[in-house]
Each structure stands twice: as structure tokens, then as C-alpha cells.
Amino acid sequence: MRAAFLRNLQASPFVRCSVFLTFLGMAFPASAVEYQVFTQETPDGRCAGPMPNDTTSNLLDFINSTEQMQLKRVCLPWPRALKMAEQGEGLIFGISKNKEREKTLHYSQPVVMRYIFVVTRADAQFPVKSLQDLKGKVIGVPRGVQFSDEFEMMRDKVFKLEQDHPQPISRIYKLLFKRMDAALFASPVANPAWIERRLQTIRDQQAAGVGGLDDVKLVASPEPLMADTLHFAIRADKDQGVIDQINHGLMRARKAGILDEPPGK
């Protein structure tokens, strides 16, 4: 029995998490407060986590068990998730930091890193090494998204933002039809090939192609334009110690191998 348990602990992080939860159980104290945790919803109603392979549920289960909490995942369109979190109706997961948001939100430690790439048509590429290289361009981003303080200072001044549907297919079509110069897409890894494969997969999954444009390639910038950490957050005046509990759970998750070491900022 002991040997089997040790072998399981040496398996993948997800197996280790399942073994840990099996031994620990999922009982909560009767007085535990339930918190809704808003994450992004896809058009088909599925949860789109900001973590690779959508491990958000595993992470929430782990924190619930180790910290005796009740974090309930709720999938919503991202603009609505942001609005509800700003109104103090629950927590949000997968949100980046900037000074404007920090005025009202209390953030957890960094959970994961995302890398932001600039994507263009292959026949309309331009060199991109910094935000200044976007000068005069129309850049597509998901509606409601915010990035670094530097990015927020430059939006609609140095470059023009095309606020678009959160799902990638809308920006893909607008790029193909030259309705924007470039679009920003997030990747869990610092490899442009990951984004290019993902966008091609999305195009291939569409019921019908785009007449005359099926052969037009979309390419990502060789390097990420920027890197961003993602967090849990709650409106500061609604935090009754929940972020401290989550931070403790994140620390335990890293020790258990459920999460990588904290991303740098």
C-alpha cells in the first residue's frame, strides 16, 4: 500500500493532486463561506481557464481541501466576470495587475504567466520589439482586457485599439479581411509556434472557410510583446481574509507540485 502511494506521488501533478484529495477528503466546516470564482466562458458554454490544459478546477479543489474553503467556479463571458468582480459579487481568476485595478481590487500572489504575442497576416508583417513599434496601428484585443501600465498609457494615443469579442475567431476574421493591422493573443508558453498552431486549429474547426482567404497565413511575432502574470482578485472592501487563505493554498500547491514556482514580475 505504501509503495503504491509513493509511486502515485511520483506521477504527474494531476495524479498527485487526485491522490492528495482522496486521502484528505473534501469535508468543509459547516461555517465555511462559499465564494464564487468567475472564470471565462467560451461560446459553447465551456470554461476556458487561463491555465494550460484547463487545470483551474483541480487548483480550486486543492485549495478548498487544504484551506477548508468553498471556492465555486462560475464560468461567465469575460466582460461580465470583470463587472461582477468589480461590483464585489465574488472573486475572479485569470486577471492581470495594473495601477488602475489595484485601486479597487485585492490580488493574490501570481498564479501563472501568460505571454502576449502580436499576430498579423503573413503578407502584412512588421517588426515588433516594443509597444512603440505599434505606433499608428489598429490593434485588436478582447473587449475588457487590460495589460501593463505602459500599455494602458499608450492605448488610443500611440496606437488605436479595436475592442473585440473575447473569442479569438472574431479577431482572426478581422485580420484576414484587413480590418485591423494586428491583434494580440495570449499564450501559456513563450513560443510563437504555439499561438500559430492554436489559431490555425480554430480556423480549421469553423464550419465553412473564408472564401479566397483560406490560404492566407497568420503569423506571430518572433518574441512576446510582453509577459503578464495572472491572479485571483476580489474587491478590496469585500476581502475578509480570503486572499490570504488562497495565497497559503497556492504555496501548498507549489510544494505539492500542482503549480510551478511563482512567475516573475
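These lines cover the structure that appears in this document, whether it is placed above or below.

Parameters and conventions
- Residues numbered from 1 in each chain as written.
- Predicted model: local features only at pLDDT ≥ 70, side-chain atom pairs only at ≥ 80, totals over all residues.
- Heavy atoms only, no water.
- Helix = DSSP H or I, 4+ residues; strand = E, 2+ residues; numbered from the N terminus.
- Buried < 20%, exposed > 50% of the residue type's maximum accessible area, 1.4 Å probe, protein only.
- Contact = heavy atoms within 4.5 Å.
- Phe/Tyr/Trp six-rings, centres within 6.5 Å; stacked < 30°, edge-to-face > 60°.
- Lys NZ or Arg CZ within 6 Å of the ring centre and 35° of its normal.
- Pairing = 2+ DSSP bridges.

### Some words on the overall build of the protein chain
No. 1: If you tally the helices and strands in the protein chain, you get 9 helices and 11 strands.
No. 2: For the protein chain, buried positions account for 45% of its 265 residues.
No. 3: Put simply, of all contacts in the protein chain between residues at least 6 apart along the chain, 71% involve residues at least 24 apart.

### A few points about unusual backbone geometry
No. 1: The backbone of D156 sits at a positive phi, close to 60°, despite the residue not being glycine.
No. 2: Positioned with a positive phi, K178 is a non-glycine residue whose angle comes to about 60°.
No. 3: Here K178 lies in the loop between α7 (168-176) and β9 (182-187).

### As for the packing of aromatic side chains
No. 1: In total, this model carries 3 aromatic pairs according to the counting rule given.
No. 2: On the basis of an interplanar angle of 45° and a centroid distance of 5.2 Å, the ring pair of F151 and F159 is categorised as tilted. Neither residue differs from the other here; F151 and F159 are each classed as buried.
No. 3: One aromatic cluster is present, built from ring pairs that chain together F147, F151 and F159.
No. 4: Across the ring face of F126, the terminal group of K137 is positioned such that the distance to the ring centre comes to 4.5 Å.

### Digging into the environment of K137
No. 1: Within the element layout of this structure, K137 appears in the loop between β6 (112-121) and β7 (138-142).
No. 2: The exposure class of K137 is partly exposed, given its relative accessible area of 24%.

### Re the pairing of β6
No. 1: Of all 10 residues making up β6, 8 are buried, and the element is well covered by its neighbours.
No. 2: Here β6 runs beside β9; their pairing, made up of 5 bridges, is antiparallel. Across the sheet, residue V119 finds its bridge partner in β9, namely A183.
No. 3: Bridge analysis of β6 against strand β10 (residues 218-220) gives 3 bridges, and the strand direction is antiparallel. Along β10, the bridge assignment pairs V119 with A220.

### Examining the pairing of β9
No. 1: With 5 of its 6 residues buried, β9 lies for the most part within the structure.
No. 2: Pairing of β7 with β9 involves 2 bridges; the strand directions are parallel. Across the sheet, the residue bridging to G140 is A183, located in β9.

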